Amino acid sequence: MEDQNLTVTLTLDNDEELECDVLTIFSAGTHEYIALLPLDENGEANERRRCFIYRYEEIDGEPNLSNIEEDEEYDAGRRCFR
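The following refers to the structure shown. (Residues numbered from 1 in each chain as written. Predicted model: local features only at pLDDT ≥ 70, side-chain atom pairs only at ≥ 80, totals over all residues. Heavy atoms only, no water.)

## Some points on the nonpolar core
Core analysis: the biggest nonpolar cluster contains eight residues, these being Leu-10, Leu-18, Cys-20, Val-22, Ile-34, Leu-36, Tyr-54 and Tyr-56. For this core, the elements supplying multiple residues, two or more each, are strand S2 (17–28), strand S3 (31–38) and strand S4 (52–59). Counting residues per element, this core draws most heavily on S2, at three residues. (Core = buried A, V, L, I, M, F, W, Y, C linked by side-chain atoms within 4.5 Å. Buried < 20%, exposed > 50% of the residue type's maximum accessible area, 1.4 Å probe, protein only. Helix = DSSP H or I, 4+ residues; strand = E, 2+ residues; numbered from the N terminus.)

## Quick notes on unusual backbone geometry
Residue Asp-15 is not a glycine yet carries a positive backbone phi of 70°. Here Asp-15 falls in the exposed class, since its relative accessible area comes to 63%. The phi dihedral of Asp-60 falls on the positive side, at around 50°, and the residue is not glycine. You can see Asp-60 is positioned in the loop between S4 and strand S5 (62–66). A relative accessible area of 79% means that Asp-60 is categorised as exposed.

## Topic: the environment of Leu-39
Note on placement: Leu-39 falls in the loop between S3 and S4. Taking the relative accessible area as the measure of exposure, Leu-39 reaches 12% and is therefore buried. Leu-39 sits ten residues away from Arg-49 along the chain, and the two C-alpha atoms are 8.6 Å apart. Setting aside chain neighbours within four positions, we find Leu-39 in contact with Thr-7, Leu-18, Glu-19, Cys-20, Asp-21, Glu-44, Ala-45 and Arg-49. (Contact = heavy atoms within 4.5 Å.)

## Thoughts on the pairing of S2
Here strand S1 (residues 7–11) pairs with S2 via five bridges, running antiparallel. By the bridge assignment for S2, Thr-9 is matched with Glu-19. Hairpin connection, S1 to S2: the antiparallel pair is bridged by five residues, and Asp-15 has positive phi, about 70°. Bridge analysis of S2 against S3 gives eight bridges, and the strand direction is antiparallel. Among the inter-strand pairings, Ser-27 is bridged to a residue of S3, identified as Glu-32. Between S2 and S3, which follow one another and run antiparallel, lie two residues, and Gly-29 among them has a positive phi close to 65°. (Pairing = 2+ DSSP bridges.)

Okay, structure coming up:
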């Protein structure tokens, strides 16, 4: 059986959709986070693009991503991901 990457489709502020590869879900402090790498137009991971980090939680068994509003929280998540 072939390994397949898990992907997420984000809807940006301008309603553009952006498909991303899920790099990892990790804990930092009291929260969980998800690291996403945007895919290019061919569906390939674009290593030159910036990784996105969101707060991650499951609500009623469904994944939920939230923006990280505080710089300190974002920096802590980035440090744990590296």
